[in-house]
Structure formats: structure tokens, C-alpha cells
Amino acid sequence: MSTSTFTDEPFVIAGTTYRSRLLVGSGKYKDLNETREASLASGAQIVTVAIRRVNIGQDPNAPSLLDVLPPSEFTLLPNSAGCYNAADAVYTLQLGREILGGHKLCKLEVLGDEKTLFPNMPETLKAAETLVKDGFDVMVYCSDDPIRILDRLRHGYFESVEFVTDHRTIQSPGHC
């Protein structure tokens with residue numbers, strides 16, 4: 001009988017192994033220095049970045065998150081927070097990839113409700129299909145209805161997608 005736990009297993013996302021399983025956000029801090037201090041204190045190696053809200057080079061005249069969380073120290077996970085349709089989400093993540101020099105890993109969020117922040121699943125799936133075809137490795141914010149997602153996976157809609165619902169992960173056949 002094995003005594004290993006999930007913490008004994010490597011944490012691999014899109015072919016990269018991480019020591020920490022914790023992902024942290026880059027928003028809600030009073031300034032960029034506090035963002036760096038909190039990220040370092042957490043031990044997280046992956047930091048999400050809302051491309052529409054946080055400067056990572058879009059404005060060359062403003063302070064950039066890259067100044068305090070350089071890609072040499074952290075994996076920045078661009079996300080499409082604040083997007084309400086597939087087209088906006090795809091455009092936002094393409095912008096993030098361009099600014100980060102071809103970075104393929106992203107977190108897809110297509111919201112359906114401004115108050116609850118529940119995802120718009122039809123638009124999310126549409127965006128995921130487009131992003132995968134465009135070469136992205138996609139982590140998807142989705143509802144806890146895995147039946148629709150599993151059906152799409154079985155029919156080969158996605159090749160490089162991880163769907164995260166609550167604390168469960170549904171991986172595409174290419175990641176199993």
C-alpha cells in the first residue's frame with residue numbers, strides 16, 4: 001500500500017513543474033511593492049494577471065508589474081478577467097501573450113454575471129476552442145457542470161485545456 005499523498009507528486013502545468021501548488025492574484029494590493037512582498041511571502045510561483053487591469057507593458061510610461069514580478073522569478077498567468085464574451089477574452093489573452101513574448105499559458109475567464117461572477121459557459125467554450133487552435137495552453141474558469149465539458153473533451157474539441165471547477169481539475173485527453 002502506498003503512503004504517498006498529492007503533495008508527493010510533482011505539480012505540472014503545461015509541461016512545467018512547480019514546487020508550490022498555490023496560485024495567487026496580482027490585484028487588490030495597495031501598490032506594486034506590496035504585490036511583490038505578498039507574492040514572495042506566499043511561496044507561490046504562479047501569479048495571475050488581469051490583462052485589462054494590470055500594466056505589464058501596455059502603458060510604457062506607467063509602472064509595470066514586470067518590474068516587481070519578473071518572468072525570470074515567477075510564472076505570470078495572464079487572465080481575461082472582466083471579459084463578457086469570447087471575442088474580448090481571446091483578444092485580451094492574445095495581447096497578454098504578445099506582451100509576454102509568446103507566453104502560451106493563460107487563464108480564461110468569460111463572465112456571465114457582473115454581480116456573482118458566474119462564468120458564461122457557452123462563450124467560455126467558444127473562446128477555449130479558439131485559443132487552443134491558436135496554440136495556447138488554457139486553464140479555464142468554469143461552472144461546476146463538468147458533463148458539458150467532458151462531452152466536449154470526448155469529442156476532441158480541446159487538446160490543451162485544463163478546466164478548474166471549485167477544487168477539482170478536469171484534464172483534456174492530452175493531459176491525462
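Bear in mind the structure is a predicted one, so any value in this text is a computation, not a measurement. (Residues numbered from 1 in each chain as written. Predicted model: local features only at pLDDT ≥ 70, side-chain atom pairs only at ≥ 80, totals over all residues. Heavy atoms only, no water.)

Novice: Is there a simple way to think about the overall build of the protein chain in this case?
Specialist: When helices and strands are tallied, the protein chain shows five helices and nine strands. A burial count over the protein chain gives 41% of its 176 residues as buried. For the protein chain, the computed accessible surface area is about 10000 Å², with 50% contributed by carbon and sulfur atoms. (Helix = DSSP H or I, 4+ residues; strand = E, 2+ residues; numbered from the N terminus. Buried < 20%, exposed > 50% of the residue type's maximum accessible area, 1.4 Å probe, protein only. Areas by Shrake-Rupley, 256 points an atom, 1.4 Å probe, with all protein chains shown as cover.)

Novice: Explanation requested: the pattern of salt bridges in the structure shown.
Specialist: Should their charged atoms come close, side chains of opposite charge can pair. Applying the stated criterion to the full structure yields five salt bridges. D88 is paired through a salt bridge with R52; the nearest N and O atoms lie 3.8 Å apart. With D88 in helix α3 (residues 86–99) and R52 in the loop between β4 (46–50) and α2 (65–68), this pair connects stretches of sequence that are 36 residues apart. We classify R52 as partly exposed; its relative accessible area is 46%. Ionic pairing is found between K104 and D137, a salt bridge with its closest N-O pair at 3.9 Å. Pair noted here: K104 is in the loop between α3 and β6 (105–108) and D137 is in strand β7 (residues 137–141), with a separation of 33 residues, a long-range link. (Salt bridge = Lys/Arg side-chain N within 4 Å of Asp/Glu carboxyl O.)

Novice: Is there a simple way to explain the pairing of β7 in this structure?
Specialist: The side chains of a regular strand alternate between the sheet's two faces. Here β7 lies mainly inside the structure; four of its five residues are buried. With four bridges connecting them, β6 and β7 associate as parallel partners. Across the sheet, residue L108 finds its bridge partner in β7, namely V140. The parallel pair β6 and β7, bridged by helix α4 (residues 121–133), forms a crossover whose chirality is right-handed. (Pairing = 2+ DSSP bridges. Right-handed = clockwise from strand over helix to strand, strands pointing away.)

Novice: Where do I start with the packing of aromatic side chains in this structure?
Specialist: Geometrically, a pair of aromatic rings is defined through the distance of the ring centres and the angle of the planes. For the coordinates displayed, the defined rule picks out one aromatic pair. On the basis of an interplanar angle of 55° and a centroid distance of 6.4 Å, the ring pair of F11 and Y18 is categorised as tilted. (Phe/Tyr/Trp six-rings, centres within 6.5 Å; stacked < 30°, edge-to-face > 60°.)

Novice: Hey, could you run me through unusual backbone geometry in this one?
Specialist: A negative phi angle characterises most non-glycine residues, just as the trans form characterises most peptide bonds. A positive phi angle, close to 50°, is found at A14, a residue other than glycine. Summarising the element assignment, A14 is placed in the loop between β1 (11–13) and β2 (16–18). For A14, a relative accessible area of 29% translates into the label partly exposed. Located in the positive-phi region is K28, a residue other than glycine, with phi close to 75°.

Functional significance is not addressed by these values, which are geometric in nature.
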